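# Architecture at a glance
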Amino acid sequence: MDNQDIPFLTTVELSELIRTREVSPVEATSAYLDRIEALNFKFNSYLTVCRTEAMAAAEEADYLGPMHGIPVAVKDQIWTKGIRTTVGSRLMADFIPDEDATAIANLKRAGAVLLGKTNLTEFALGGSQRYGLNRNPWNLDRFTGGSSGGSGSATSAFLCSTSLGEDTGGSIRRPAAWCGIVGLRPSWGRVSRYGVAPGSWSMDQVGPISRTVEDAAITLGAIAGHDPRDPYSWDTPVPNYRHALGGDLSGVRVGAIRELIESEIVDPEVRNGIRAAAAVLEELGATVEDVSLPLTVHGGTWPPR
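Residues numbered from 1 in each chain as written. Predicted model: local features only at pLDDT ≥ 70, side-chain atom pairs only at ≥ 80, totals over all residues. Heavy atoms only, no water.

### Side note on the side chain of T86
By secondary structure assignment, the location of T86 is in the loop between strand 2 (71-75) and helix 4 (102-109). Using a relative accessible area of 0% as the deciding quantity, one classes T86 as buried. A polar side-chain atom of T86 sits 2.6 Å from a polar atom in the side chain of D76. The contact partners of T86, leaving out residues within four places of it in the chain, are L47, D76, M92, A93 and Y131. (Helix = DSSP H or I, 4+ residues; strand = E, 2+ residues; numbered from the N terminus. Buried < 20%, exposed > 50% of the residue type's maximum accessible area, 1.4 Å probe, protein only. Polar contact = N/O pair within 3.5 Å; in protein donor to acceptor, adjacent residues only side chain to side chain. Contact = heavy atoms within 4.5 Å.)

Put into structure tokens, the structure is as follows:
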């Protein structure tokens with residue numbers, strides 16, 4: 001395979017080629033680093049690119065499972081040992097953590113390769129970007145959704161195979177939606193927040209931003225798990241999330257929140273998309289129920305965290 005084609009594979013496709021030794025972790029990492037060098041100036045997705053560290057990790061990688069040798073990007077809110085973590089602020093420009101966040105340590109144990117740290121709004125708050133505006137690959141005049149916009153644009157522009165963001169009030173889900181990809185805010189306590197610059201102890205969640213649902217599933221599987229350093233993490237087994245993608249939703253109940261779907265601020269195209277998605281879920285066996293939560297219209301945040 002031509003190295004220039006590697007970035008356009010899904011994470012699952014790349015994982016299989018690495019498993020069968022048709023592509024090496026070094027080839028995959030080099031392909032992404034070359035693409036970052038050529039195109040990051042257009043999107044400003046990365047604040048720090050870890051070329052030396054990434055190539056060294058790729059050369060030392062042993063097969064450990066589906067994330068082995070997969071080049072990933074990480075929101076610059078999450079601690080990375082020996083690599084600066086700015087949290088999007090000039091005040092933190094020289095902060096270099098002396099340990100990895102648990103999510104990063106878990107990624108490394110799964111065999112993933114860290115390409116670099118991605119752009120975000122300052123302290124993951126509001127809309128100010130102290131290291132330059134992050135641009136949407138679909139239209140350079142459009143924003144990426146904040147605050148995990150760098151991970152969103154990097155994933156959408158094929159500058160990483162998959163990525164991590166952090167979501168307090170929409171900061172994984174909105175960049176994923178605005179950049180045309182997949183974002184998952186995990187259930188509270190599923191992924192450790194240790195080593196993540198905090199916004200709200202009861203709301204912060206680390207999760208995947210990926211190009212496909214299956215890619216998000218294996219990324220989540222790599223970072224999830226109990227961590228005694230985060231007192232709110234669950235001490236429960238981590239399932240194989242890919243096994244849940246068979247398409248049978250029999251017995252699953254889905255709530256459709258009326259106030260967030262029928263609201264006048266919702267674009268008609270978005271509303272129709274939600275209704276179409278609900279219909280697909282019903283075809284797969286789920287029960288979709290109308291739910292009323294009147295106070296939700298007062299609970300959103302903007303700009304998103």
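### Comments concerning the pairing of strand 4 (residues 162-167)
Most of strand 4 is tucked away, with six of its six residues classed as buried. The side-chain alternation of strand 4 yields two buried faces, one formed by T162, L164 and E166 and the other by S163, G165 and D167. Inspection of the sheet shows strand 4 paired to strand 6 (residues 205-210) by five bridges, in the antiparallel sense. Within strand 6, the position partnered with L164 by the bridge is P208. (Pairing = 2+ DSSP bridges.)

### Quick notes on the UniProt feature "domain: Amidase" (unreviewed entry) in the chain
Residues given the UniProt feature "domain: Amidase" (unreviewed entry) here are residues 27-295. Along residues 27-295, the helical share is 30% and the strand share 14%, with 51 Å between the first and last C-alpha atoms. (UniProt positions renumbered as here; feature names shortened; annotations may be inferred.)

### Regarding the environment of G111
Position of G111 among the secondary structure elements: in the loop between helix 4 and strand 3 (113-118). Using a relative accessible area of 9% as the deciding quantity, one classes G111 as buried. Taking the C-alpha atoms as reference points, G111 and G149, 38 residues apart in sequence, are found 25 Å from one another. Those residues in contact with G111, other than ones at most four positions away along the chain, are L64, M67, H68, G69 and I70.

### Description of the confidence of the model for the chain
Per-chain confidence: the chain averages 95 in pLDDT, with 98% of residues scoring 70 or above. Considering only residues more than four positions removed or in separate chains, one finds that residues 301-305, a stretch of pLDDT under 50, has 24 contacts. (pLDDT = per-residue confidence, 0-100.)

### Quick word on the packing of helix 2 (residues 25-43) against helix 3 (residues 51-60)
At their nearest, the axes of helix 2 and helix 3 sit 8 Å apart, and the two run at 165° to each other. In terms of orientation, helix 2 and helix 3 fall into the roughly antiparallel class. Helix-helix and strand crossings are classified by hand; for helix 2 and helix 3 the assignment is right-handed. Contacts between helix 2 and helix 3 pair P25, V26, T29, S30, L33, D34 and E37 from the former with R51, A54, M55, A58 and E59 from the latter. Looking at the contact of helix 2 with helix 3 residue by residue, the class counts come to six nonpolar, two polar and four charged. (Axes fitted to C-alpha atoms, helices over the stretch in contact; angles between N-to-C directions. Parallel < 35°, antiparallel > 145°, perpendicular 65-115°, else oblique. Left-handed = near helix turned anticlockwise from the far one by under 90°. Nonpolar A, V, L, I, M, F, W, Y, C, P; charged D, E, K, R; others polar.)

### Topic: the pattern of salt bridges
Any two side chains of opposite charge can pair, so long as their charged atoms come close to each other. Applying the stated rule across the entire model yields 17 salt bridges. Of the charged contacts in the structure, one is a salt bridge between D34 and R51, with a shortest N-O distance of 3.6 Å. One end of the pair, D34, is in helix 2; the other, R51, is in helix 3, with 17 residues separating them in the sequence. A relative accessible area of 41% means that D34 is categorised as partly exposed. Given the relative accessible area of 33%, R51 is considered partly exposed. Its salt-bridge partner being E122, residue R130 comes within 2.9 Å of it at the nearest N-O pair. Exposure remark for R130: the relative accessible area of 45% places this residue in the partly exposed category. The class for E122 is buried, based on a relative accessible area of 16%. Linked by salt bridges that have partners in common, D34, E37 and R51 make up one network. (Salt bridge = Lys/Arg side-chain N within 4 Å of Asp/Glu carboxyl O.)

### Brief notes about unusual backbone geometry
Cis peptide bonds are those with omega within 30 degrees of zero, and the linkage from G146 to S147 qualifies with -10°. Positionally, S147 belongs in the loop between strand 3 and helix 5 (149-156). A positive phi is found at R21, a non-glycine position, where the angle reads about 65°. Among the structural elements, R21 can be located in the loop between helix 1 (11-19) and helix 2.

### Looking at the nonpolar core
In terms of nonpolar packing, the biggest core is built from 49 residues, with L14, M67, L107 and L164 touching the most fellow members. Residue assignment for this core shows that the elements contributing at least two residues are helix 1, helix 2, helix 3, strand 2, helix 4, strand 3 and helix 7 (213-223). Examining the composition of this core, we find that six residues originate from one element, helix 2, more than from any other. Each residue touching L107, except ones within four places of it in the same chain, is listed here: M67, V72, V74, A112, L164, A222 and I223. (Core = buried A, V, L, I, M, F, W, Y, C linked by side-chain atoms within 4.5 Å.)

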